[in-house]
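Spelled out, the chains give:
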Amino acid sequence: MTRKALIFAIGLILIINLAGCEAFTRKFTRKSKKDKEQVEMVLAPEEWKGPKMTKEEQYRQYFVFWQSWQDELVSVLMQNGSQKKKLDCAQQAMKNLVNMRALLNESKQKQLDVYLRQLVELQQDIKADIYGTANNFYFQKSEKIRLNILQHFSYNDVKNDLL
């Protein structure tokens, strides 16, 4: 009788262990990682044209940009700054002068071309002078270009010559 009871108890324990408690087995089983479907974003390129500005506003903006870069060039030359900074300032000043030039009529463009050539020559001289031995000369040349452009190409002087 004890033997039957012992076999019955062992059998009952085996059945309970095999069936197990569902919450208990769920708690300790590894959950499968479900692949979340990620939708790829498709971005259609659009060209942003920015706010519509009149020719006068564009000219004023390019003039202010040129003036700030030219002033920066003058100060870098005066302080014996780095070669890279000098060249970058000259390049940006030229870029804004070219943008200003595009907004002017032909006669004013020819006048501005003189100063553009001078600025190109200045940039080439600075590029050739790696050690900055002639910074004082470049400073004077840059200041002269700046004053001439301020005198002849401020907005009030060219407002009738804009395209």
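Residue positions are given per chain, counted from 1 along the sequence in the order it is written. For this predicted model, a pLDDT threshold of at least 70 governs which residues receive local features, and a threshold of 80 or more governs which side-chain atom pairs are given and counted, while totals over whole chains, interfaces and linings are taken from all residues. Hydrogen atoms and water are omitted, and side-chain values are computed over all heavy atoms in the structure.

Caption draft 1: Inspection of the overall build of the chain at higher detail. Secondary structure is summarised from DSSP: a helix means a run of H or I of at least four residues, a strand means a run of E of at least two, and numbering begins at the N terminus for each. Within the chain, the secondary structure is distributed over 7 helices and 0 strands. Seen in sequence order, the chain has helices and strands lined up from the N terminus as α-α-α-α-α-α-α. The buried share of the chain, taken over its 163 residues, is 29%. When checking whether two residues touch, look at their non-hydrogen atoms; a contact exists if any pair is within 4.5 Å. Pairs at least 24 apart in sequence give 71% of the contacts found in the chain among residues at least 6 apart. Only protein chains enter the calculation, and the probe is 1.4 Å; a residue is then buried if its accessible area is under 20% of its type maximum, exposed if over 50%, and partly exposed in between.

Caption draft 2: Layout of unusual backbone geometry. We note that Asn80 has phi near 55 degrees; this positive angle belongs to a residue other than glycine. Following the sequence through the fold, Asn80 ends up in the loop between helix H3 (55-78) and helix H4 (83-102). Given the relative accessible area of 53%, Asn80 is considered exposed.

Caption draft 3: Expanded view of a nonpolar patch on the surface. Patch membership needs two things, relative accessible area over 30% and no salt bridge, and members are linked within 9 Å if like-charged or within 5 Å if nonpolar (Val, Leu, Ile, Met, Phe, Trp, Tyr). Under the convention used here, a 1.4 Å probe and the Shrake-Rupley method define accessible areas, while residue burial counts only the protein chains that appear. Just to be clear on terms, a salt bridge is a Lys or Arg side-chain nitrogen sitting within 4 Å of an Asp or Glu carboxyl oxygen. The grouping of Leu6, Ile10 and Leu14 at the surface amounts to a nonpolar patch, some 290 Å² of accessible area in total. With respect to the helices and strands, Ile10 occurs in helix H1 (residues 2-19).

Caption draft 4: Inspection of the packing of H3 against helix H5 (residues 106-128) at higher detail. For helices, the fitted line uses only the C-alpha atoms of the stretch in contact; every axis is such a line through C-alpha atoms, and the angle between N-to-C directions lies from 0 to 180 degrees. Put simply, H3 and H5 touch, their axes get as near as 14 Å, and they point 35 degrees apart. Considering only the axes of H3 and H5, their crossing is left-handed. Contacts between H3 and H5 pair Gln70, Leu73 and Leu77 from the former with Leu119, Leu122 and Ile126 from the latter. Basically, the charged four are Asp, Glu, Lys and Arg, the nonpolar ten are Ala, Val, Leu, Ile, Met, Phe, Trp, Tyr, Cys and Pro, and anything else, Gly included, counts as polar. Counted by class, the contact of H3 with H5 contains 5 nonpolar, 1 polar and no charged residues. Left-handed describes a crossing in which the near helix is turned anticlockwise from the far one by less than a right angle; the clockwise case is right-handed.

Caption draft 5: Structural context of the pattern of salt bridges. Tallied over the entire structure, the rule returns 7 salt bridges. In this structure, the salt-bridge partner of Lys141 is Glu121, at a minimum N-O distance of 4.0 Å. In this pair, Lys141 sits in helix H6 (residues 135-153) while Glu121 sits in helix H5, placing the two residues 20 residues apart along the sequence. The network of salt bridges with common partners includes Asp71, Glu143 and Arg146.

Caption draft 6: Quick look at the environment of Val64. Residue placement: Val64 occurs in helix H3. Note: C-alpha distance between Val64 and Asn96 (32 residues apart in sequence) is 8.9 Å.

Caption draft 7: Highlighting the nonpolar core. Counting 27 residues, the largest nonpolar core has Tyr59, Leu73, Leu97, Met100, Leu119, Ile149 and Phe153 as its most contacted members. Looking at this core, the elements that each hand over two or more residues are H3, H4, H5, H6 and helix H7 (155-158). If one sorts the elements of this core by residue count, H4 sits on top with 7 residues. The contacts of Leu97, once residues within four sequence positions are left out, are Trp66, Leu112, Leu116, Leu119 and Ile149. To qualify as a nonpolar core, a set must consist of buried Ala, Val, Leu, Ile, Met, Phe, Trp, Tyr and Cys residues joined through side-chain atoms within 4.5 Å.

Caption draft 8: Broad picture of the environment of Val158. Structurally, Val158 is set in helix H7. Judged by its relative accessible area of 0%, Val158 is buried. Note: C-alpha distance between Val158 and Leu104 (54 residues apart in sequence) is 7.8 Å. Those residues in contact with Val158, other than ones at most four positions away along the chain, are Tyr59, Leu104, Lys108, His152 and Phe153.

Caption draft 9: Representation of H5 in the model. Here H5 contains 23 residues, and its C-alpha end-to-end distance of 32 Å stays within 8% of the 33 Å for a straight helix at 1.5 Å per residue. Taken as a whole, H5 has its buried residues at Lys108, Gln109, Leu112, Asp113, Tyr115, Leu116, Leu119, Leu122, Gln123 and Ile126. In this structure, the buried side of H5 is in contact with H3, H4, H6 and H7. The span one expects for a helix is its residue count, reduced by one, times 1.5 Å.

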